[in-house]
Structures are given as structure tokens and as C-alpha cells.
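Letter by letter, the chains look like this.
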Amino acid sequence: MVSDRYQIILASNSPRRKELLGGLDIPFKIRVLDGIDESYPQDLPTKDIAGYISQKKAAAYRQSIAADELIITADTIVILGEKVMGKPKDAGEAKTMLHELSGKTHQVITGVCLTTREKQVCFSVETDVTFKTLSDSEITYYIDHYHPFDKAGAYGIQEWIGHVGVTGMNGSYFNVMGLPVQRIYEALKDF
């Protein structure tokens, strides 16, 4: 296994990503660099954005990678049609996003890069998620009680809104949480 050759480093502050990677029973450490630019060209196809940002994050770590380290970087976006939904700035923006997602199917894409000094493997995983038509009171309740301001698309599938609102999904549940761990496991095995 790759963890016999490399110290795995998760480049994320996300408690969800830490929990998900921990589920693979592979030892890892957390390392976070502040101030990484997560912008992307406005003409970049929406389905390529998460992978692009994940590669930018990996590039920021390249100079500091030790010979025996493998860095995992990731970025998750929510797309409705061609509209990218990032993290909401406030409750009003969260409410708008959830109303837009209500009764529709959207895509959650996570871009991942596994990077060492000598090699880089990058991929993206896409999951379709369908919400029932959410009432205004359900959206308000969720925002007031769960404060989803650190989540792309203003929701966490593992939280209350996922329990009551998600009617269908095609793809990885863990990808929607923020880290496609099954695909990462396979990539680490093949690295």
C-alpha cells in the first residue's frame, strides 16, 4: 500500500474530509496552508472547475513536500445547470441557493489531486443529487439550526436537510460530503 512508502498528508481543514479519510484506516496528518488562491478562469467549463482548483491547491504545496510525503488536495463544487454554487456568504444567500436547488437535480463535483515530488494523479468525481420541493419553513429551519455557510451549495447531505430533502442520488454519497474516498482508496492502491 502507498502508506507504506509515503506519509499521507490531507491538505484540508474540513472536519468532514478528515472524518472521511479516517474511514479508510490509513494513517495521515493534516497540513493547511493559508491564503491559497481558489479563483479560476471565467471561461473554464463548469465541470472542470473543481479539478482546476484542486490542482492549484496542490501546486501551493509542491515546494514544501518532503521526499516521503503524498499530499491530498480536494475541492468540491455544486452545479445547477451551468451555475456554480459556492459557499454562501450569509443566511440570505443560503436561502436563495436552497430555493434554487429545491425540486431539481444538481451535480456535486469533487476534484482531487494526489501529489508527491515525482508524481501527480488528479481526477474528478461527479454525483447527481435530487431534492424534493423544499418549503420555505424547511429551508429557514435548516439554515437557522445548521448554519451551512461553510458548504458549497449551502447544504450538507449528512445533515437534517439531506435526511428530509434528498429524494435521489446517482453516484457517491461520500463525494457529496466532500471527499470521494472509494476513488481515493483505489488511486492510492494504484499510485
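One can find the structure itself at the top, above this paragraph.
Since we're looking at a predicted model, the values are computed, not measured.

K.L.:
An account of the pattern of salt bridges is needed here, citing residue identities and associated values.
P.N.:
Within the structure shown, the criterion is met by 13 salt bridges. Between Lys47 and Glu126 there is a salt bridge; the shortest N-O distance is 3.1 Å. With Lys47 in the loop between strand S2 (28–30) and helix H2 (49–61) and Glu126 in strand S6 (residues 120–131), the pair connects residues that are 79 residues apart, well separated along the chain. Taking relative accessible area as the criterion, Lys47 reaches 42% and is therefore assigned partly exposed. Taking relative accessible area as the criterion, Glu126 reaches 38% and is therefore assigned partly exposed. Between Lys132 and Glu138 there is a salt bridge whose closest N-O contact spans 2.8 Å. The class for Lys132 is partly exposed, based on a relative accessible area of 27%.

K.L.:
Describe in detail the nonpolar core, supporting the description with residues and values.
P.N.:
Counting residues in hydrophobic clusters, the biggest one holds 42 residues, and the most contacted among them are Leu70, Ile72, Tyr155 and Ile184. Residue contributions to this core peak at five residues, all from strand S3 (residues 69–80). Excluding anything up to four places from it in sequence, Ile184 contacts Leu21, Leu24, Ile72, Val112, Phe123 and Leu179.

K.L.:
Give a description of the packing of helix H3 (residues 91–101) against helix H4 (residues 136–146) that names residues and reports values.
P.N.:
Running from amino to carboxyl end, H3 crosses H4 at an angle of 135°, the nearest separation of the two axes being 10 Å. As the angle between them shows, H3 and H4 are arranged oblique. Like other packed secondary-structure pairs, H3 and H4 cross with a definite hand, here right-handed. In this structure, H3 uses Ala91, Ala94, Lys95, Leu98 and His99 to contact H4, whose residues at the interface are Asp136, Ile139, Thr140, Tyr142 and Ile143. Of the residues that constitute the contact of H3 with H4, the class distribution is six nonpolar, two polar and two charged.

K.L.:
I'd love a proper account of the pairing of strand S1 (residues 7–10), names of residues and values included.
P.N.:
Of the strand pairs in this sheet, S1 and S3 are connected by four bridges, and their pairing is parallel. Across the sheet, residue Gln7 finds its bridge partner in S3, namely Glu69. Inspection of the sheet shows S1 paired to S2 by three bridges, in the parallel sense. Bridge pairing links Leu10 to Ile30 in S2.

K.L.:
Run through the layout of surface pockets, naming residues and quoting values.
P.N.:
Estimates place the volume of the largest pocket at around 760 Å³. What lines the largest pocket is a set of 38 residues, and nearest its centre among them are Arg17, Glu38, Lys57, Asp75 and Lys87. No other element matches S3, which puts five residues into the lining of the largest pocket. A class-by-class count of the residues in the lining of the largest pocket yields 20 nonpolar, nine polar and nine charged.

K.L.:
With reference to specific residues and values, describe the state of the cysteines.
P.N.:
What the rule picks out here adds up to one disulfide. In this model Cys113 forms its disulfide with Cys122; the gap between the sulfur atoms is 2.3 Å. Its S-S torsion of approximately 110° makes the covalent link between Cys113 and Cys122 right-handed. Given the relative accessible area of 0%, Cys113 is considered buried. For Cys122, a relative accessible area of 30% translates into the label partly exposed.

K.L.:
Requested: an account of a nonpolar patch on the surface, with residues and values cited.
P.N.:
On the surface, a cluster of nonpolar side chains totalling about 260 Å² of accessible area is made up of Met169, Tyr173 and Phe174. Judged by its relative accessible area of 32%, Tyr173 falls in the partly exposed class.

K.L.:
Mind laying out the packing of aromatic side chains, listing which residues take part and the relevant values?
P.N.:
Under the counting rule described, the total for this entry stands at five aromatic pairs. Relative to Phe191, the ring of Tyr6 has its centre 6.1 Å away and its plane inclined at 85°; by these criteria the two rings are edge-to-face. Here Tyr6 is found in the segment before S1, whereas its partner Phe191 is found in the segment after helix H7 (181–190), with 185 residues between them in sequence. Using a relative accessible area of 16% as the deciding quantity, one classes Tyr6 as buried. On the basis of relative accessibility, which here comes to 12%, the residue Phe191 falls in the buried class. The ring of Phe191 has Lys119 sitting right over it, with the charged end atom 4.5 Å from the ring centre.

About the criteria used
- Residues numbered from 1 in each chain as written.
- Predicted model: local features only at pLDDT ≥ 70, side-chain atom pairs only at ≥ 80, totals over all residues.
- Heavy atoms only, no water.
- Salt bridge = Lys/Arg side-chain N within 4 Å of Asp/Glu carboxyl O.
- Helix = DSSP H or I, 4+ residues; strand = E, 2+ residues; numbered from the N terminus.
- Buried < 20%, exposed > 50% of the residue type's maximum accessible area, 1.4 Å probe, protein only.
- Core = buried A, V, L, I, M, F, W, Y, C linked by side-chain atoms within 4.5 Å.
- Contact = heavy atoms within 4.5 Å.
- Axes fitted to C-alpha atoms, helices over the stretch in contact; angles between N-to-C directions.
- Parallel < 35°, antiparallel > 145°, perpendicular 65-115°, else oblique.
- Left-handed = near helix turned anticlockwise from the far one by under 90°.
- Nonpolar A, V, L, I, M, F, W, Y, C, P; charged D, E, K, R; others polar.
- Pairing = 2+ DSSP bridges.
- 1 Å grid on protein atoms, 1.4 Å probe; cavity = no way out; pocket = protein on both sides within 12 Å on 5 of 7 lines; lining within 4 Å.
- Points joined across faces, edges and corners; volume = space filled by probe spheres on them.
- Disulfide = S-S within 2.5 Å.
- Patch = residues over 30% accessible without salt bridge, like charges linked within 9 Å, V, L, I, M, F, W, Y side chains within 5 Å.
- Areas by Shrake-Rupley, 256 points an atom, 1.4 Å probe, with all protein chains shown as cover.
- Phe/Tyr/Trp six-rings, centres within 6.5 Å; stacked < 30°, edge-to-face > 60°.
- Lys NZ or Arg CZ within 6 Å of the ring centre and 35° of its normal.

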